[in-house]
Amino acid sequence: MTDNDPHLANGLLPGILTGLLGTAVGAAAYGALIAFSGYEIGFAAIGVGLLVGLAMIAVKPTSPVLPPLAAFFSLAGAALGQIVGSTIAWAQVSGEDYGPALARVLDAFPELLRQDPISLLFWVVAAYAGFSFVNRRVKAAREAHDARAASSVSQPDEASDHTNYFEPRKQP
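Note that this is a predicted model, so its numbers are computed, not measured. (Residues numbered from 1 in each chain as written. Predicted model: local features only at pLDDT ≥ 70, side-chain atom pairs only at ≥ 80, totals over all residues. Heavy atoms only, no water.)

### What about the overall build of the protein?
For the record, the criterion: Strands are runs of DSSP state E lasting at least 2 residues, helices are runs of H or I lasting at least 4, and numbering of each runs from the N terminus. For each residue, the accessible area found with a 1.4 Å probe, counting protein chains only, is set against the maximum for its type, and the residue is called buried under 20%, exposed over 50%, and partly exposed in between. When checking whether two residues touch, look at their non-hydrogen atoms; a contact exists if any pair is within 4.5 Å.
Scanning the protein for helices and strands turns up six helices and zero strands. The order of α-helices and β-strands along the protein, N terminus first, is α-α-α-α-α-α. Here the protein, with 172 residues, has 34% of them falling under the buried criterion. Long-range pairs, those at least 24 residues apart, make up 71% of the contacts in the protein with a sequence separation of at least 6.

Next comes the structure, spelled out in structure tokens:
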């Protein structure tokens, strides 16, 4: 990649990588909280969204693609954290290995979501948190860039008698 690579200039690639890292860390933390506390604390799912958003704005992104990706990563991290936590908790309770426990959790997961739709609400709030953090940063960066570009554009000299560009100039 060169210094003029547009993916580096707009923070797309670093934003995606830090977003994925934030998703993994947030899901692991949320899963550990569920597994070791025995409770699904919905506000921790929102924390996953905040973590993803903060990780992605750390690279100072300007790409308009990143806010929707932040929402997706936040939603996926919250869901993954709940699956991981439920799998660990099921394996501890049943004494099964993690593979069969994961299969049981994934089989029962749609039914659990139908019984407790509040989890979905927290996932949506997590997605909104990730989206809004990154969207706010992208908008601010784009506005700052537009302001710099507008101030650097040279204005025609109004004192000059050659302001009409459609008239031929007289030669000296």
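### Thoughts on the packing of helix α4 (residues 66-94) against helix α5 (residues 98-115)
The test is simple: Axis definition: a line fit to C-alpha positions, over the contact stretch in the case of helices; interaxial angles, taken between N-to-C directions, run 0 to 180 degrees. Throughout this description, any angle smaller than 35 degrees is read as roughly parallel, any larger than 145 degrees as roughly antiparallel, any in the 65 to 115 degree range as roughly perpendicular, and the remainder as oblique. Whether a crossing is left-handed or right-handed is set by the direction in which the near helix is turned from the far one by less than a right angle, anticlockwise for left-handed and clockwise for right-handed.
The interhelical angle for the contact between α4 and α5, taken along N-to-C directions, is 125°, at an axis separation of 8 Å. Overall, the two elements α4 and α5 adopt an arrangement that is oblique. The two elements α4 and α5 meet at a crossing, and its hand is right-handed. Here Ala79, Gln82, Ile83, Ser86, Thr87, Ile88, Trp90 and Ala91 of α4 come into contact with α5, specifically with Tyr98, Ala101, Leu102, Arg104, Val105, Leu106 and Phe109.

### So, the packing of aromatic side chains
Short version of the rule: For Phe, Tyr and Trp, where Trp contributes only its six-membered ring, two rings pair if their centres lie within 6.5 Å, and the inter-plane angle classes them as stacked under 30 degrees, edge-to-face over 60, or tilted in between.
Under the definition given, this model contains three aromatic pairs. Here Phe72 and Phe73 contribute two aromatic rings whose centre-to-centre distance is 6.1 Å and whose plane-to-plane angle is 55°, an arrangement assigned as tilted. Taking relative accessible area as the criterion, Phe72 reaches 52% and is therefore assigned exposed. According to the relative accessible area criterion, Phe73 is buried, its value standing at 8%. Ring geometry for Phe109 versus Trp123: centroids 6.1 Å apart, planes at 15°, classification stacked. Placement of Phe109 in helix α5 and of Trp123 in helix α6 (residues 118-152) is noted, with a sequence separation of 14 residues between them. Accessibility classification places Phe109 together with Trp123 in one group, the buried group.

### Let's talk about a nonpolar patch on the surface
This is how it is decided: Excluding any residue in a salt bridge, patches collect residues exceeding 30% relative accessible area, merging like charges within 9 Å and nonpolar Val, Leu, Ile, Met, Phe, Trp and Tyr side chains within 5 Å. Per-residue and other accessible areas follow the Shrake-Rupley method at a 1.4 Å probe size, with only the shown protein chains counted as cover for residues. Think of a salt bridge as a Lys or Arg side-chain nitrogen and an Asp or Glu carboxyl oxygen that are within 4 Å of each other.
Judged by side-chain polarity, Leu33, Tyr39, Ile41 and Phe43 come together as a nonpolar surface patch covering roughly 450 Å² of accessible area. Examined against the element boundaries, Leu33 turns out to sit in helix α2 (residues 12-37). Overall, Leu33 belongs to the partly exposed group, its relative accessible area being 32%.

### Notes on the packing of α2 against helix α3 (residues 42-57)
What counts here: Here the nonpolar group is Ala, Val, Leu, Ile, Met, Phe, Trp, Tyr, Cys and Pro; Asp, Glu, Lys and Arg are the charged ones; every other residue, Gly included, is treated as polar.
Relative to each other, α2 and α3 sit at 160°, their axes nearing to 8 Å. Considering the angle they form, α2 stands roughly antiparallel to α3. At the point where α2 passes α3, the crossing takes the right-handed sense. Here Gly15, Thr18, Gly19, Gly22, Thr23, Val25, Gly26, Ala27, Tyr30 and Leu33 of α2 come into contact with α3, specifically with Gly42, Ala44, Ala45, Val48, Leu51, Val52, Ala55 and Met56. Grouping the constituent residues of the contact of α2 with α3 by class yields eleven nonpolar, seven polar and no charged.

### A short note on the pattern of salt bridges
Taken as a whole, this structure holds two salt bridges when the rule is applied. Measuring nitrogen to oxygen at the nearest pair gives 2.7 Å for the salt bridge that ties Arg104 to Glu96. Here Glu96 falls in the partly exposed class, since its relative accessible area comes to 22%. Here Glu111 makes a salt bridge to Arg114, at a shortest N to O gap of 3.3 Å.

### A look at unusual backbone geometry
Here Lys60, not a glycine, exhibits a phi torsion of approximately 55°, which is positive. For Lys60, the location among the structural elements is in the loop between α3 and α4. By relative accessible area, which is 56% here, Lys60 ends up exposed.

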